[in-house]
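Coordinate inspection notes
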Amino acid sequence: MKRFAVVLLAALLVLTGCGSKSGPSADKVLTVAAPASLNGDFVNGFGTNAYDQWAVKLMSGYDTFYVDPTTAELKLDESVVKQLVTTDNADGSKTYTFTLNEGLKFSDGEALTAKSYVGALLFRGQAGWLEQAKMDSTGYDLVGYEAYSKGEADKFEGVKYIDDSNFSVTIAADRLPYYFETSYATVSPEPMHVWFPEAKLNADGNGFDNTAEEIAAAVKNVSEKERFKPTVSAGPYVLETYENNQAVLVANENYAGNFEGKKPSIGKVVIKLVESDVTVQALGNGEIDLSPGNIESSVIEPSKEAGYQLISYPRNGYGMIQFKANKGPTQITEVRQAIGYLLDRNEFVSKVVGGYGVVVNAPFGLSQWFYKENKDELDNDLIQYTFNLTKANELLDTTDYKFESDGTTAFDPAKANSDAATNYFRYNSKGEKLVIKHFGSEKNAVTDLVVSQLVPNAKAAGIEYFVQQGEFSTLGDYMQGRVENDYNAFNLATSFTSIYDPYTGHHSDWVGSGLNWGDIADPELDAAIMNLRNRAPEDREGFSKAVVEYFKVWNKLLPSVPLYSNQYFDIALDRVTGLDSITPELDWARQIVYIDVK
């Protein structure tokens, strides 16, 4: 079950006149710039980064619900689902029974049936798969997930294959109410005839009637082969090649179109690494057609001068310094808060995003409705972490890092802040130096500012702030724990979907999964998250208030220092049309059927 998120776009979308109902043209090629390396990982549940996700989105289709581009709501996709029946069960659970339309096919011509959906839920929910795909949460909220996912049951009670046209999912009673309830019933098909051709469903249609060896072989096939080169897709494109940081996708001739019946016009999409500092040059040379998601004024302003198309929209996300709350000194709230006071975040906004962003104080983006409706309260009640060396020292003095190197003499901020101080830092009572190990991506303006601003500011407060730079993909491996390391701070940005639910991202249930980036575990934060989630879909006011309370708790604990939210700029050559279909939550890859090239 994929969780989408969308935010309302201020401007009206112009979807007419774009896309195609006839089919793609092999002569049309769209080349898109990725500002950092792809991981080459194209199956969700592992470690796809934002640029892998572009390819994943291009290969995704036929979900039971879609995101409406004008309202950001999840709506039933009637091009996929012929009929939906919902049943409120006596035990408090709720069943969604789907009847599929006939005639939908995967890219290889194989028919989509209920087995494509049920098989995906059963495959992604079973223990052998989750040992490999540790970031997969598909089916988490359905009846029986816990026992099935742990291998304690061979039946997934909340999933049922009825026949090739009909299947159902049942949401667990303890997961309801939920403000984004339909997201629990948003099911994505997988090509089970490729992933698990030997799959046999049991008589109840809620488990595999296969041997453990057969299931293990299927997991190995997907996690070691299909994951890196998917051979079949349900979406508008299918992967042709991935090599040398370049993914080439070709149109799926069997794709029937999105919820409006729109098919891609472009025959081939190329996603290639183009670093930000050469974006304008690459556009000028015709090496790329589109550079999405630019934030740096050093790219935006020259692009304006060159007369390229610039499509702007508010970001549904924010940039941050992410801490590990379970590793080293950043386990301590006051240390994280002190670092917040050692940053001049206005300088980050000014130097990184120019006049196209603002400082934010909690995990929200400028486009989100609950931020706009509560802006005054948030501005008044959230802690404003502005540069304040005295405040930083006061906070650090409340921790055990309040001594000189002997572990007994009180740390003296005046010594640390003197010009003569070269090796004067804070230590705890065990004689351990206060050291923060930060990993930032290379050729990144934020990383550069961390080095030039935070490192000396931290030293003035007695913190040795060490910065290592490397590949963006390496940053992800370290932050999400796929590769052992001792870093406890990272700089990056994130974007939300229309389903604003911080459960997997900040709740203690997900520590160590790779989804809770900071691995923070705090009872007060957990309670605030659950209070936000457990709202009926119609309780908009209650949800809005609960979000504000969550922001206040988060802002105090500061699992990451929010730096900015901003305007995104998609920059393109004039030959690219249909970019006005893009919204803060539906990026170019999601809206590819409305984009064309002349």
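Further up the page is the structure itself.
Below is a summary of the structure that appears in this document.

Thresholds applied
- Residues numbered from 1 in each chain as written.
- Predicted model: local features only at pLDDT ≥ 70, side-chain atom pairs only at ≥ 80, totals over all residues.
- Heavy atoms only, no water.
- Buried < 20%, exposed > 50% of the residue type's maximum accessible area, 1.4 Å probe, protein only.
- Helix = DSSP H or I, 4+ residues; strand = E, 2+ residues; numbered from the N terminus.
- Contact = heavy atoms within 4.5 Å.
- Axes fitted to C-alpha atoms, helices over the stretch in contact; angles between N-to-C directions.
- Parallel < 35°, antiparallel > 145°, perpendicular 65-115°, else oblique.
- Left-handed = near helix turned anticlockwise from the far one by under 90°.
- Nonpolar A, V, L, I, M, F, W, Y, C, P; charged D, E, K, R; others polar.
- Phe/Tyr/Trp six-rings, centres within 6.5 Å; stacked < 30°, edge-to-face > 60°.
- Lys NZ or Arg CZ within 6 Å of the ring centre and 35° of its normal.

Brief notes about helix 17 (residues 472-479)
Of all the positions in helix 17, only Ser 473, Leu 475, Gly 476, Tyr 478 and Met 479 are classed as buried. In this structure, the buried residues of helix 17 make contact with strand 13 (317-323), strand 15 (435-441) and strand 17 (489-495). Gly 481 occupies a position one or two residues after helix 17 and carries a positive phi of about 80 degrees.

With respect to the packing of helix 19 (residues 523-533) against helix 20 (residues 540-557)
Where helix 19 meets helix 20, the closest approach of the two axes is 8 Å, and the angle between their N-to-C directions is 160 degrees. Here helix 20 runs roughly antiparallel to helix 19, going by the angle between their axes. The two elements helix 19 and helix 20 cross, and the hand of that crossing is left-handed. Where helix 19 abuts helix 20, its residues Glu 524, Leu 525, Ala 528, Ile 529, Asn 531 and Leu 532 lie against Phe 543, Ala 546, Val 547, Tyr 550, Val 553, Trp 554, Lys 556 and Leu 557. Class assignment of the residues belonging to the contact of helix 19 with helix 20 gives a composition of 11 nonpolar, one polar and two charged.

Topic: unusual backbone geometry
For the bond from Leu 176 to Pro 177, the omega torsion is 0 degrees, close enough to zero to count as cis. Note that Pro 177 resides in the loop between strand 7 (166-171) and helix 5 (181-184). Backbone geometry places Asn 244, a non-glycine residue, at a positive phi of 55 degrees. For Asn 244, the position within the fold is in the loop between strand 8 (237-243) and strand 9 (246-251). Look at Leu 558: it is not a glycine, yet its phi comes out positive at around 50 degrees. Relative to the elements of secondary structure, Leu 558 occurs in the loop between helix 20 and strand 18 (560-572).

A word on the packing of aromatic side chains
Going through the model one piece at a time under the given rule, you end up with 45 aromatic pairs. Ring centres of Phe 370 and Tyr 500 lie 4.9 Å apart, and the angle between their planes is 55 degrees; on these two criteria the pair is classed as tilted. With Phe 370 in helix 12 (residues 369-373) and Tyr 500 in the loop between strand 17 and helix 18 (503-506), this pair connects stretches of sequence that are 130 residues apart. Residues Phe 370 and Tyr 500 agree in their burial class; the two are buried. Between Tyr 500 and Phe 551, the aromatic rings sit 6.1 Å apart at their centres with planes inclined by 75 degrees, giving edge-to-face as the arrangement. Taken together, the residues Tyr 500 in the loop between strand 17 and helix 18 and Phe 551 in helix 20 connect sequence positions 51 residues apart. Grouping residues by exposure puts Tyr 500 and Phe 551 together as buried. Stacked on the ring of Tyr 503, the Lys or Arg Arg 533 has its end atom at 4.2 Å from the ring centre.

Take it as geometry only, folks, not as evidence of what the structure does.
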